[in-house]
Amino acid sequence: MMDFVFETTPKLVCEAGAATRLGEMARELGIRRALIVTDAGLVAAGLLEPVEAGFRTAGTVCTLFSDVVADPPEQSVALAVQAARDAGADGVIGVGGGSSLDTAKLVALLAGTPQELPDIYGIGLAKGPRLPLIQVPTTAGTGSEVTPIAIVTTPSSEKKGVVSSLLYPDLAVLDAHLTLGLPPRVTAMTGIDAMVHAIEAYTTRHKKNPLSDSLALRALSLLAGNIRAVIAEGRDVAARAAMLQGSLLAGIAFANAPVGAVHALAYPLGGHFHVPHGLSNALMLGPVLEFNRPAAETLYAELAPAILPGSAFATPAKATDAFLGAMRDLVAAMPMEQRLEQVGVRRDDLPMLAADAMKVQRLLINNPREVSYDDALALYRQAY
Ligand SMILES: [Zn+2]
């Protein structure tokens, strides 16, 4: 038996409509003055109205910080921390996609300590304490509500991560009603990201463990079984709830069995070209899966039944063929860009992207097959 450590968010509420009770849940955690960290798009879409009404009913004061931007830069995090201090917040609620949830984590961590953001990049450098934190995802993708990681864009366009157990929230609330209005393109990008989390957790070279494996398999079947349905009919509550749970399970899996080269090669696309995180992963997925095949064929064969239920395979090689083919077809069917040249990348940029990807050793070391600079460049060329 293998030795392992497993951590996750201590309390999860998965229930359509639960976000209307956030005020009450915040109160139960001792929060009296909450800062809600979100983005302007969600406010404009009216998603925060039922949440704020719930805070009024519970008698909990809440202040809205709605200036989160995608790929949050350091400056944007600093503004949110200042908003928490100005509001005298004693608790933080993140509502949104990965950028809002990551910003909320850092606000909860930094608002009450003298540490500055650049001091805590890396693993385990944050000292805390942090304020009580509730995370409420509005996309089925990042799994940020159950990961100990926050990603920030530095002034040099590099994506840096803060990794600390303090970043697990006290509570995550998964309310499928909040995801009903997601447009098909965002649904596709975030859904593929969640599938990548499951695949990379299952095939990781470090910290692979039986709990993450079970979660990754279940996540893949939920995500593969529902992604086409939510793209065809966004208001299908049951399918949306399945996607949210799939994203949750994949998030728990990769928080404990970390992701590899798909993510490592995706980050420079976000840092330099603001390609959304899920789309960056989807663009790199096909080439990296093929590249890893020599080292991961047995594992791919084990994943095949999760995305192709009811199929029987004569050999692991045939199961792997089926798995890679099914993933390729699925990504190709998604309503989003399919090649790097469609997202503003020029062929001349590829060496710079490969050089940047090599800096993401924190993830590359998890990849089942070693990735050199030349490999990275070849993978970007294939994705171009
Ligand atoms: Zn991801």
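Look a little higher up for the structure.
Since the model is a prediction, treat every value here as computed from it, not as a measurement. Along each chain, residue indices are assigned from 1 in the same order as the chain's sequence is written. Totals for whole chains, interfaces and linings use every residue, but because this is a predicted model, local features are given only for residues with pLDDT of at least 70 and side-chain atom pairs only at 80 or more, for both listing and counting. Only hydrogens and water are set aside; all other atoms, that is, all heavy atoms of the structure, feed into the side-chain values.

Novice: Describe the packing of helix α12 (residues 350-357) against helix α14 (residues 373-383), listing the residues and the values that go with them.
Specialist: Helix axes are fitted only over the stretch in contact, all axes being lines through C-alpha atoms; the angle between N-to-C directions runs from 0 to 180 degrees. Under the DSSP-based scheme used, a helix requires at least four consecutive residues in state H or I and a strand at least two consecutive residues in state E, with every element numbered from the N terminus. At a closest axis distance of 9 Å, the pairing of α12 and α14 adopts a crossing angle of 130°. Viewed along their axes, α12 and α14 adopt a mutual orientation that is oblique. Read as a crossing pair, α12 and α14 show a hand that is right-handed. Contacts between α12 and α14 involve Leu350, Pro351, Leu353, Ala354, Ala355 and Ala357 from the former and Tyr373, Ala376, Leu377, Tyr380 and Arg381 from the latter. Here is the rule for angles: anything less than 35 degrees is roughly parallel, anything more than 145 is roughly antiparallel, 65 through 115 is roughly perpendicular, and the remaining ranges are oblique. With the far helix as reference, a near helix turned anticlockwise by less than a right angle produces a left-handed crossing, and one turned clockwise produces a right-handed crossing. The criterion used for residue contact is that any of the two residues' heavy atoms lie within 4.5 Å.

Novice: Explain the packing of helix α7 (residues 210-232) against helix α10 (residues 277-307) to me, using residue names and the numbers behind them.
Specialist: Where α7 meets α10, the axes come as close as 8 Å, and the angle between the chain directions of the two elements is 40°. As judged from the angle between their axes, α7 and α10 are oblique. Viewed along their axes, α7 and α10 form a crossing whose handedness is right-handed. Residues Leu217, Leu220, Ser221 and Ala224 of α7 form the contact with α10, whose own contacting residues are Glu302, Leu303, Ala306 and Ile307.

Novice: Describe in detail the coordination of the zinc ion, supporting the description with residues and values.
Specialist: We call an atom a donor if it is N, O or S and sits within 2.8 Å of the metal, or 3.2 Å for Na, K and Ca. Water is not counted, so some sites may look partial. For the zinc ion, the full set of protein donor atoms is Asp193 (OD), His197 (NE2), His263 (NE2) and His277 (NE2), at a range of 2.1 to 2.2 Å. Around the zinc ion, the 4 donor atoms are arranged such that angles at the metal cover 88 to 161°; this shape is classified as irregular. If you list the donors of the zinc ion from N- to C-terminus, the spacing comes out as D-x3-H-x65-H-x13-H. Here His263 is found in helix α9 (residues 261-273), whereas its partner His277 is found in helix α10, with 14 residues between them in sequence. Exposed residues in this analysis have more than 50% of their type's maximum accessible area, buried residues have under 20%, and partly exposed residues fall in between, with area computed by a 1.4 Å probe over protein chains only. A relative accessible area of 2% means that His263 is categorised as buried. Sites are called tetrahedral only when four donors show all angles between 85 and 135 degrees, square planar or octahedral only when four or six donors show opposite pairs over 155 degrees and all other angles between 65 and 115, and irregular in any remaining case.

Novice: Provide a residue-level description of the pairing of strand β2 (residues 33-37), including the pertinent values.
Specialist: Within a regular strand, side chains alternate between the sheet's two faces. Judged by how many residues are buried, β2 sits mostly within the fold: 4 of 5 residues are covered. Two strands qualify as a pair provided that DSSP identifies no fewer than 2 bridges between them. In this structure, β2 lies alongside strand β3 (residues 61-65), joined through 5 bridges in parallel fashion. Pairing of Val37 across the sheet is with Phe65, part of β3. For β2 and strand β4 (residues 91-96), the ladder comprises 4 bridges, and the chain directions are parallel. Following the sheet pairing, Leu35 is matched in β4 by Val92.

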